[in-house]
Amino acid sequence: MKPVDVYFSLGSNQGDRQAMLDEALRRLDAAIGRPRTALSSVIETPAWGFDGPAFLNCVVRYRTARQPHTLLRICKRIERAMGRRETLEYDAEGRRIYHDRPIDIDILLYGDERVDTPDLQIPHPLMRQRDFIMRPLNEIFAQK
């Protein structure tokens, strides 16, 4: 498969948030095996979907031929190694309950492809509702 542009959103609201973003980016660089091709500014935004400390967020772009589910495994491995504990909880209406986290890495876009499996949806289904994703993503789009 030929390389495509892949966009990831990173966020942290625990510990030294900037250091967490920097470490996650370093680990992504190493795991993907190619340097990133773009990085947005880091922005601070309120927690989304729950009451908690503010997040630092950014978006990064890589060019890679790695498959989407391989990239998902990379993201989950980095999150776990950096202290994230996956706690999927839902309220009585079936809406997900969000929590504080040291690092969160989401795949936003994978070229022009769509993925719709139980564990991965690309494009990210909620990205257009989240200013903390769209602002940095649009910043990178404007660089092209």
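Read on for a plain summary of the structure. (Residues numbered from 1 in each chain as written. Predicted model: local features only at pLDDT ≥ 70, side-chain atom pairs only at ≥ 80, totals over all residues. Heavy atoms only, no water.)

## Here's the deal with the overall build of the protein
Then comes step 1: Helix and strand counts for the protein come out as 3 helices and 9 strands.
Then comes step 2: Secondary structure elements of the protein, listed N to C terminal, follow the sequence β-α-β-β-β-α-β-β-β-β-β-α.
Then comes step 3: By its C-alpha atoms, the protein is 45 × 30 × 30 Å across when sized along the principal axes.
Then comes step 4: The proportion of buried residues among the 144 residues of the protein is 44%.
Then comes step 5: Contacts in the protein between residues far apart in sequence, at least 24 positions, make up 70% of those at least 6 positions apart. (Helix = DSSP H or I, 4+ residues; strand = E, 2+ residues; numbered from the N terminus. Buried < 20%, exposed > 50% of the residue type's maximum accessible area, 1.4 Å probe, protein only. Contact = heavy atoms within 4.5 Å.)

## So, the packing of aromatic side chains
Then comes step 1: Taken as a whole and judged by the stated rule, the model has 2 aromatic pairs.
Then comes step 2: When the centroid spacing of 5.3 Å and the interplanar angle of 70° are considered together, the rings of Tyr7 and Phe141 count as edge-to-face. Within this pair, whereas Tyr7 is found in strand β1 (residues 4–12), its partner Phe141 is found in helix α3 (residues 131–143), the two being separated by 134 residues in sequence.
Then comes step 3: A relative accessible area of 4% places Tyr7 in the buried class.
Then comes step 4: Look at Phe8 and Tyr62: their rings are 5.8 Å apart centre to centre, the planes differ by 80°, and that puts the pair in the edge-to-face class. Residue Phe8 is located in strand β1, and its partner Tyr62 is located in strand β4 (residues 55–64); the two are separated by 54 residues in the primary sequence.
Then comes step 5: The buried category is assigned to Phe8, whose relative accessible area is 0%. (Phe/Tyr/Trp six-rings, centres within 6.5 Å; stacked < 30°, edge-to-face > 60°.)

## Examining the nonpolar core
Soluble, globular proteins show a tendency: their nonpolar side chains are buried together.
Then comes step 1: The biggest cluster of nonpolar side chains holds 28 residues, and the ones touching the most others in it are Phe8, Leu10, Leu28, Leu71, Ile105 and Ile107.
Then comes step 2: Those elements that place two or more of their residues in this core are β1, α1 (17–32), β4, α2 (68–81), β7 (104–110) and β9 (120–122).
Then comes step 3: If you tally residues by element for this core, the top one is α1, at 7 residues.
Then comes step 4: With sequence-adjacent residues up to four places away left out, Ile105 is seen in contact with Phe8, Ser9, Leu10, Ala24, Leu28, Cys75, Ile78 and Glu79.
Then comes step 5: Among the nonpolar cores identified, the runner-up in size contains 11 residues, and Val59, Leu109, Ile133 and Leu137 belong to it. (Core = buried A, V, L, I, M, F, W, Y, C linked by side-chain atoms within 4.5 Å.)

## A short note on the pairing of β7
Then comes step 1: The element β7 is largely enclosed, with a buried count of 7 among its 7 residues.
Then comes step 2: As paired elements, β1 and β7 share 6 bridges and run antiparallel to each other. Bridge pairing in β7 links Gly11 to Asp104. (Pairing = 2+ DSSP bridges.)

## Considering the pattern of salt bridges
Then comes step 1: The tally for this structure, following the rule as stated, stands at 8 salt bridges.
Then comes step 2: Where Arg135 meets Asp131, a salt bridge forms, and the shortest distance between an N and an O atom there is 3.2 Å. Separated by 4 residues within a single helix, Arg135 and Asp131 lie in helix α3, roughly one turn from each other.
Then comes step 3: Take Arg135: its relative accessible area is 42%, and that puts it in the partly exposed class.
Then comes step 4: Using a relative accessible area of 42% as the deciding quantity, one classes Asp131 as partly exposed.
Then comes step 5: One salt-bridge network, in which partners are shared between bridges, spans Glu23, Arg26 and Arg27. (Salt bridge = Lys/Arg side-chain N within 4 Å of Asp/Glu carboxyl O.)

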